[in-house]
Amino acid sequence: MSFRLQNSKCESIVSIIFLLNFLGHVFSQCSGSSQSLTASQTIQYFTSAGYNNGAGTYSSNLDCIWIIDSGASNYKVILYLKNYDVACSGDSINIYDGNSVSGTSLKSNICGTGSSDKIVTSSSQFMTLRFTTDAVNQSVGFETAYFSAADLSGSACTADLTLTPSSTPQYVTSPSFPSLYDVSSNCRWILTVSAGRVQVEIIYSDIETSTNCAFDSLEIYDGDYVCENTKLAAICSRYPNGVTGSYVSNGTSFLLKFKSDGSVSYTGFLIKYTQVEDVVSSDPVTSSEDRLMLGIGIGCACGATGAFLIVFIVTLFKSKCRSPKIVSPRVKTVEPMNGGPHTMRTPSVNGSMDSTDSITHSRNGFIRRPISTSRRSSMVDGKSNGFLP
């Protein structure tokens, strides 16, 4: 009996401590004090008190303030109101540029319900969000996503830019990020390592949506030149529905290509890239020489006919069940740059490089190339949408 009473007291004390911590957090944040948050290049989230994944209710008479720090003077804060349900009778969300509510208003008196197109960017290192409620008509609240951002596009929109990944994460962005990307952009980044492979992770993408990505797009190629055979993705969708995910190269290089047309633009993309170790196969029989030696060994014991039959079956099985490394794939379509300082070389049939062919791009994204009597690879429509097999 004594044990039960002591156990019950312990549970009560734990519950009281938890409640006091929660109330203390709400009190300090929503009664004149502010909560400081430090952004990074990884997307983080915070919500109004009591949000409970959209199933809760905020309290009355709140005055809550969050101050978000990008972490560096040359980085900005980008914030997205992922979901909000705020009563318009006297409750509102206000977002300010800087580290106080006296800064320039970026978004004012947000209320009602919504879940899209509420991306806000600071002009400098800090951003402040204030949430106030009155004594009546409480609702669900809000959830926001935020991260720090800077223009890390480099010179890729004036000439091909080669970057060297390492084990330490590095980042690349669309031009002018996190502001709206430049119209009529044509940018290329070549990520290459001397050993191992390259991994890229799309952290954020907010690119104009269009059929077959005809207007604006981010394309990822496995290799160091534009080739239809090695295109892994063509991305053109708005945040928060933008494509995210990771890719690992088959060889030692990735090529990122970003293009935009002459009209609508959005905030663009943020990509993390690193060097990763090459995958070592656990299969002891990987080369044709190994298979030949295996055949000779079996032939000595079982006869030549049986040996060649076994080698044929092993080779067929491995070709069906194992993806080959894509280092220098067969070229179907190679797309040079359309004028400007970029010069992309076009492999010919005999392996030499040629950059003399003229290429034009139509508004709908098709690639036009004059008919040539030489035995070079022919150009076809290079458009693609989404992930390719």
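In the block above lies the structure referred to throughout.
What counts and what doesn't
- Residues numbered from 1 in each chain as written.
- Predicted model: local features only at pLDDT ≥ 70, side-chain atom pairs only at ≥ 80, totals over all residues.
- Heavy atoms only, no water.
- Helix = DSSP H or I, 4+ residues; strand = E, 2+ residues; numbered from the N terminus.
- Polar contact = N/O pair within 3.5 Å; in protein donor to acceptor, adjacent residues only side chain to side chain.
- Buried < 20%, exposed > 50% of the residue type's maximum accessible area, 1.4 Å probe, protein only.
- Pairing = 2+ DSSP bridges.
- Contact = heavy atoms within 4.5 Å.
- Salt bridge = Lys/Arg side-chain N within 4 Å of Asp/Glu carboxyl O.
- Disulfide = S-S within 2.5 Å.

### Concerning the side chain of Asp206
Phase 1 of the analysis: You can see Asp206 is positioned in strand S14 (residues 197-206).
Phase 2 of the analysis: At a separation of 2.6 Å, a polar atom in the side chain of Asp206 contacts the side chain of Thr267.

### Notes on unusual backbone geometry
For residues that are not glycine, phi is negative in most cases, and the peptide bond is trans in most cases.
Phase 1 of the analysis: Phe177 connects to Pro178 through a cis peptide bond whose omega is 5 degrees.
Phase 2 of the analysis: Among the secondary structure elements, Pro178 is positioned in the loop between strand S12 (170-173) and strand S13 (186-192).
Phase 3 of the analysis: Between Tyr239 and Pro240 the backbone carries a cis peptide bond, its omega angle lying at 10 degrees.
Phase 4 of the analysis: Along the chain, Pro240 falls in the loop between strand S16 (231-235) and strand S17 (245-248).
Phase 5 of the analysis: Of note in this structure, Asn109 is not a glycine but carries a positive phi near 50 degrees.
Phase 6 of the analysis: Here Asn109 shows up in strand S6 (residues 104-110).
Phase 7 of the analysis: Positive phi values are uncommon outside glycine, yet Cys213 reaches one of about 55 degrees.
Phase 8 of the analysis: Looking at where Cys213 falls in the secondary structure, it is placed in the loop between S14 and strand S15 (217-222).
Phase 9 of the analysis: Since its relative accessible area comes to 4%, Cys213 is described here as buried.

### Brief notes about the pairing of strand S9 (residues 126-132)
Phase 1 of the analysis: Relative to S9, strand S3 (residues 63-69) is paired through seven bridges, and the arrangement is antiparallel. Note that in S9 the partner of Ile68 across the bridge is Met127.
Phase 2 of the analysis: Examined bridge by bridge, strand S5 (residues 92-97) and S9 share six bridges and lie antiparallel to one another. Paired with Asn94 across the bridge in S9 is Arg130.

### Quick look at the environment of Pro169
Phase 1 of the analysis: Relative to the elements of secondary structure, Pro169 occurs in the loop between strand S11 (161-163) and S12.
Phase 2 of the analysis: As a C-alpha pair, Pro169 and Lys272 span 103 residues in sequence and 6.3 Å in three-dimensional space.
Phase 3 of the analysis: Once residues within four sequence positions are removed from consideration, Pro169 is found in contact with Lys272, Tyr273 and Thr274.

### Concerning the pattern of salt bridges
Phase 1 of the analysis: Overall, the coordinates contain six salt bridges when judged by the stated rule.
Phase 2 of the analysis: Ionic pairing is found between Asp278 and Arg197, a salt bridge with its closest N-O pair at 2.7 Å. With Asp278 in the loop between strand S19 (268-276) and helix H2 (288-302) and Arg197 in strand S14, the pair connects residues that are 81 residues apart, well separated along the chain.
Phase 3 of the analysis: Exposure remark for Asp278: the relative accessible area of 35% places this residue in the partly exposed category.

### Things to note about the state of the cysteines
Phase 1 of the analysis: What the rule picks out here adds up to four disulfides.
Phase 2 of the analysis: Counting only the cysteines that take part in disulfides, in the order they occur along the protein, gives the pairing 1-2, 3-4, 5-6, 7-8.

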